[in-house]
Amino acid sequence: KQEVTQIPAALSVPEGENLVLNCSFTDSAIYNLQWFRQDPGKGLTSLLLIQSSQREQTSGRLNASLDKSSGRSTLYIAASQPGDSATYLCAPLGTYKYIFGTGTRLKVLA
Amino acid sequence: DVKVTQSSRYLVKRTGEKVFLECVQDMDHENMFWYRQDPGLGLRLIYFSYDVKMKEKGDIPEGYSVSREKKERFSLILESASTNQTSMYLCASTSGGTYSSYNEQFFGPGTRLTVL
């Protein structure tokens with residue numbers, strides 16, 4: 001059964017820092033992996049989708065990489081801003097559907 | 001723009017009531033999902049549907065049922081609400097067929113349900 005771990009669970013950084021959020025999963029037989037952002041009390045917003053044949057995807061200041069063989073994905077946020085404060089979740093899509101990590105709660109201080 | 005809407009943002013019900021949560025997507029997506037989200041437990045899949053009138057149990061289906069009579073609408077039903085069903089309920093949909101690398105999930109805003 002797929003298990004997804006996100007490290008760190010929480011992170012607090014000053015504005016302007018570049019940061020890396022980590023996602024690891026136990027079953028490498030995945031179709032894709034999606035990164036989401038969730039603001040308190042709200043739904044999930046899709047940030048990036050990496051297909052299983054891809055190694056990375058970029059959108060603005062966000063870059064996500066995928067290493068299926070080692071069961072890892074990272075989300076890189078460049079030049080962080082207070083508006084980036086949110087919880088970030090990763091979700092690989094495998095045989096047993098999407099399995100979500102419990103997220104990294106990010107706070108960017110002005 | 002892709003859109004998934006849910007019928008209520010906040011809902012308060014009493015124990016034993018029958019509760020309907022509705023989800024509508026305007027993207028002609030085949031697949032629709034219902035999750036609940038609880039602190040420390042993350043998102044857990046309740047039910048999903050790959051087509052009209054099709055449904056499959058997720059990880060925690062007990063106490064819930066679903067209905068999909070039209071492609072764009074997926075309803076979650078709590079037959080007899082209990083206090084342990086107090087939670088945030090999230091609906092999602094994906095395109096791209098079943099188990100495809102093109103599947104991308106889009107979520108609704110969520111319904112915060114409180115059962116007293």
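A brief look at the structure comes next. (Residues numbered from 1 in each chain as written. Chains lettered and ligands numbered in written order. Predicted model: local features only at pLDDT ≥ 70, side-chain atom pairs only at ≥ 80, totals over all residues. Heavy atoms only, no water.)

Right, let's talk about the packing of aromatic side chains for a bit. Taken as a whole, this structure holds 10 aromatic pairs over all chains when the rule is applied. With a centroid separation of 6.0 Å and an interplanar angle of 80 degrees, the aromatic rings of A:Phe100 and B:Phe107 are classed as edge-to-face. Of this pair, A:Phe100 sits in the loop between strand S10 (97-98) and strand S11 (104-109) while B:Phe107 sits in strand S10 (residues 105-107), which puts the two residues in different chains. Like B:Phe107, A:Phe100 is buried. (Phe/Tyr/Trp six-rings, centres within 6.5 Å; stacked < 30°, edge-to-face > 60°. Helix = DSSP H or I, 4+ residues; strand = E, 2+ residues; numbered from the N terminus. Buried < 20%, exposed > 50% of the residue type's maximum accessible area, 1.4 Å probe, protein only.)

Each partner contributes residues to the interface: chain A has 21 residues there, and chain B has 24 residues. Together, the buried faces of chain A and chain B total about 1,800 Å²; carbon and sulfur atoms form 59% of this surface. The largest per-residue losses of area from chain A upon contact with chain B belong to A:Lys97, A:Tyr98 and A:Phe100, which jointly make up 29% of the total buried on that side. Our count for the chain A to chain B interface comes out at zero salt bridges. The tally of links from chain A across to chain B stands at seven residue pairs in polar contact (both at pLDDT 80 or more). Of all the secondary-structure elements, those providing two or more residues to the side of chain A that touches chain B are strand S4 (30-38), strand S5 (44-51), strand S9 (86-94) and S10 of chain A. Partitioned by chemical class, the residues of the side of chain A that touches chain B number eight nonpolar, 11 polar and two charged. (Contact = heavy atoms within 4.5 Å. Buried area = accessible area lost by both parts, 1.4 Å probe. Salt bridge = Lys/Arg side-chain N within 4 Å of Asp/Glu carboxyl O. Polar contact = N/O pair within 3.5 Å; in protein donor to acceptor, adjacent residues only side chain to side chain. Nonpolar A, V, L, I, M, F, W, Y, C, P; charged D, E, K, R; others polar.)

This brings us to the state of the cysteines. Residue and element names in this part refer to chain A. As enumerated under the stated definition, the model contains two disulfides over all chains in all. The disulfide bridge from Cys23 ends at Cys90, spanning 2.0 Å between sulfur atoms. Between Cys23 and Cys90, the disulfide has an S-S torsion of 80 degrees and is therefore right-handed. Of the two residues, Cys23 sits in strand S3 (residues 19-25) while Cys90 sits in strand S9, which places them 67 residues apart along the sequence. We classify Cys90 as buried; its relative accessible area is 0%. (Disulfide = S-S within 2.5 Å.)

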